[in-house]
Amino acid sequence: MSHYKIALLDGDGIGPEIMTEAVKVLNLIAERNNITFDLIHAPFGASAYFECGHPFPEQTQKICDEADAILKGPIGLNHEESKKIPVDMQPERGALLPLRRRYNTYANFRPVFLPKSLAHFSPLKAEIIGDGIDIMIIRELVGGLYFGEKETGVTAEGVRYVKEVLEYDEIQIRRIAKVAFETAMKRKKVLHNIHKSNVLKSSVLWNTVMEEVGQDYPEVRIEHILVDAAATYLCLNPGRFDVMVMENMFGDILSDQGGGILGSLGLMPSACVGDNKAYYEPSHGSAPDIAGKFIANPYSMIGSVAMMLEMSFGMDQEAKNVWHAMQSVFADGYSTADLSKPGSGVIMINTPAFGDRVVEALRQMPVPA
Ligand code: IPM
Ligand code: MN
């Protein structure tokens, strides 16, 4: 019988609410597949800072080190609350980036997925959405501006300045390129490489290495597209894209735009994968404005569970079942107040009720052999 340890980092804001729903799904998956998930909650983020004095406390690091996979909720506080925490202890700098660095989770998968049946969530016109949106954004996650050297100072003339370094070496580019080509091979064999080589030298090297790695994947057609143009096409013709690969900062921005064309970042789960460890998290923030109201949809968190089942535990069919279960709840007319307006024809339910319906839908599906 398989036995997996999963670290659960509830995080801040709506994190604990949506984590509770993800746990319901994990428990059902364990039960119906006759496997054991050891679910170990550990403090992380601003809440951890206030409880333990550090946003990524040592005890949490140990639990994560020993875990087979990590499921992480969103972190962060609103602007005013953030000021109560010293800059380097704020959860983004003090917890999230160290988590990515610790496990070298260089490949961030952000599916931008909306079946035709859910097209009403999108702000795009039906004729632009066509048969639905189905893009895999692959973002390099441990390099570039996020992790480059930083310097803040004052010149001899008394002018304040700041400097941040955008650095990549060919090893970093090659490994993410391989992930992108492998993903393209499993999908439509088209890879859009996003860059800014008309300005940035980093993109010139990036593109060169992409081309080199592409030699090993002759079946994949690679298309190079400037990041600003890609932003436009994501709105005008998302169907043009299948797999997109890009450096860290571009990926941060374009993946949020991905959430925008779906209608909400609440529909964006993600997987952050390294060679030895992976963690899974919603792509959105902790939404402090709606925390505690139980109106947040748990789709991104449960979707992250689906990605974990597939990518960490090889449970491909159960992963698909989880996706279908969530979509069937929407298809049955249910939604939550963060995604839908009252009077828009949906049956409004709260976070736990949505999670319960996903669990019920999943229970009805045959258990994979
Ligand atoms: C994301 C988030 C993070 C990032 C923040 C919270 C540091 O926006 O995962 O996209 O910029 O990577
Ligand atoms: Mn982001």
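Check the entry above for the structure.
Since the structure is predicted, the reported quantities are computational estimates derived from the model, not experimental observations.

Peer 1: Help me out: how do you make sense of the overall build of the protein in this one?
Peer 2: Each helix and strand counted, the protein has 13 helices and 14 strands in total. The C-alpha atoms of the protein give 21 Å as radius of gyration, which agrees with the globular expectation for 369 residues (21 Å, within 12%). Its C-alpha atoms give the protein principal-axis dimensions of about 65 × 50 × 50 Å. Counting the 369 residues in the protein, one finds 53% classified as buried. Taking the contacts inside the protein whose residues are at least 6 apart along the sequence as the reference set, 75% of them involve residues at least 24 apart. Counting only carbon and sulfur atoms, one obtains 52% of the accessible surface of the protein, whose full area is about 16,500 Å². Charge centroids of the protein, computed over 35 positive and 47 negative side chains, lie 2 Å from each other.

Peer 1: Looking at this structure, I do not really get the site of ligand 1. What am I missing?
Peer 2: In the vicinity of ligand 1, the contacting residues are Glu 92, Leu 96, Arg 100, Arg 110, Arg 139, Tyr 146 and Asp 252. At 2.8 Å from an oxygen atom of ligand 1 is found a side-chain nitrogen or oxygen belonging to Arg 100. When ligand 1 is considered free in solution it has 320 Å² of accessible area, and contact with the protein chains removes 77% of it. Counting residues per element, the shell around ligand 1 draws most heavily on helix H5 (residues 91–102), which supplies three residues. Among the residues making up the shell around ligand 1, the classes are represented as two nonpolar, no polar and five charged.

Peer 1: Explain the side chain of Glu 281 to me, please; I cannot follow it from the model alone.
Peer 2: By secondary structure assignment, the location of Glu 281 is in the loop between strand E12 (278–280) and helix H11 (299–311). With a relative accessible area of 2%, Glu 281 lands in the buried category. A distance of 3.2 Å separates polar atoms of two side chains, one belonging to Glu 281 and the other to Arg 100. When residues no more than four places from it in sequence are discounted, the contact partners of Glu 281 are Lys 72, Leu 96, Arg 100, Arg 110, Pro 269, Ser 270, Cys 272 and Ser 304.

Peer 1: Can you walk me through a negative patch on the surface in this structure?
Peer 2: Together, Glu 149, Glu 151, Glu 167 and Asp 169 make up a region of like negative charge exposed at the surface. Among the secondary structure elements, Glu 151 is positioned in strand E6 (residues 150–154).

Peer 1: Can you help me understand the pairing of strand E5 (residues 132–140) in this one?
Peer 2: Both faces of the sheet carry side chains from a regular strand, because those side chains alternate between them. Of all the nine residues making up E5, seven are buried; the element is thus mostly covered by neighbouring parts of the structure. The sheet contact formed by strand E4 (residues 107–115) and E5 spans nine bridges and is antiparallel. Its bridge partner lying in E5, Ala 107 is registered against Glu 140. As defined by bridge partners, E5 adjoins strand E10 (residues 243–246) across four bridges and the pair is classed as parallel. Looking at E10, one finds that Met 136 is bridged to Val 243.

Peer 1: What is the right way to look at the sheet that holds strand E3 (residues 69–72) in this model?
Peer 2: In a beta sheet, neighbouring strands pair by backbone hydrogen bonds and run either parallel or antiparallel. Pairing is mixed in the open sheet, where ten strands are placed in the order E2-E1-E3-E12-E11-E4-E5-E10-E8-E9. Lying at the two open borders of the sheet, with one neighbouring strand each, are strand E2 (36–41) and strand E9 (221–226). In this sheet, adjacent strand axes meet at a mean angle of 25° when their direction is disregarded. Pairing of strand E1 (residues 3–9) with E3 involves four bridges; the strand directions are parallel.

Peer 1: What's the story with unusual backbone geometry in this structure? I'm lost.
Peer 2: Most peptide bonds adopt trans geometry, and most residues besides glycine take a negative phi value. The phi dihedral of Ala 287 falls on the positive side, at around 45°, and the residue is not glycine. Checked against the element boundaries, Ala 287 lands in the loop between E12 and H11. With a relative accessible area of 22%, Ala 287 lands in the partly exposed category.

Peer 1: Help me understand the nonpolar core, please; the structure alone is not making it clear to me.
Peer 2: Side chains of a nonpolar character, in soluble globular proteins, are inclined to be buried together. Counting residues in each nonpolar core, the largest one holds 98 residues, and the members touching the most others are Phe 37, Leu 71 and Met 244. In terms of residue count, the dominant contributor to this core is helix H1 (residues 15–33) (nine residues). The residues touching Met 244, leaving out its near neighbours within four places in the chain, are Ile 135, Met 136, Ile 137, Ile 138, Leu 191, His 192, Ile 194, Ala 230, Leu 234 and Leu 254. Leu 9, Ala 67, Cys 272 and Tyr 279 belong to the second-largest nonpolar core, a separate cluster that totals 16 residues.

Reading the values: the criteria
Residues numbered from 1 in each chain as written. Chains lettered and ligands numbered in written order. Predicted model: local features only at pLDDT ≥ 70, side-chain atom pairs only at ≥ 80, totals over all residues. Heavy atoms only, no water. Helix = DSSP H or I, 4+ residues; strand = E, 2+ residues; numbered from the N terminus. Rg over C-alpha atoms; globule rule 2.2 N^0.38 Å. Buried < 20%, exposed > 50% of the residue type's maximum accessible area, 1.4 Å probe, protein only. Contact = heavy atoms within 4.5 Å. Areas by Shrake-Rupley, 256 points an atom, 1.4 Å probe, with all protein chains shown as cover. Lys, Arg positive; Asp, Glu negative; His and termini not counted. Charge placed at Lys NZ, Arg CZ, Asp CG, Glu CD. Near = heavy atom within 4 Å. Polar contact = N/O pair within 3.5 Å; in protein donor to acceptor, adjacent residues only side chain to side chain. Nonpolar A, V, L, I, M, F, W, Y, C, P; charged D, E, K, R; others polar. Patch = residues over 30% accessible without salt bridge, like charges linked within 9 Å, V, L, I, M, F, W, Y side chains within 5 Å. Salt bridge = Lys/Arg side-chain N within 4 Å of Asp/Glu carboxyl O. Pairing = 2+ DSSP bridges. Axes fitted to C-alpha atoms, helices over the stretch in contact; angles between N-to-C directions. Core = buried A, V, L, I, M, F, W, Y, C linked by side-chain atoms within 4.5 Å.

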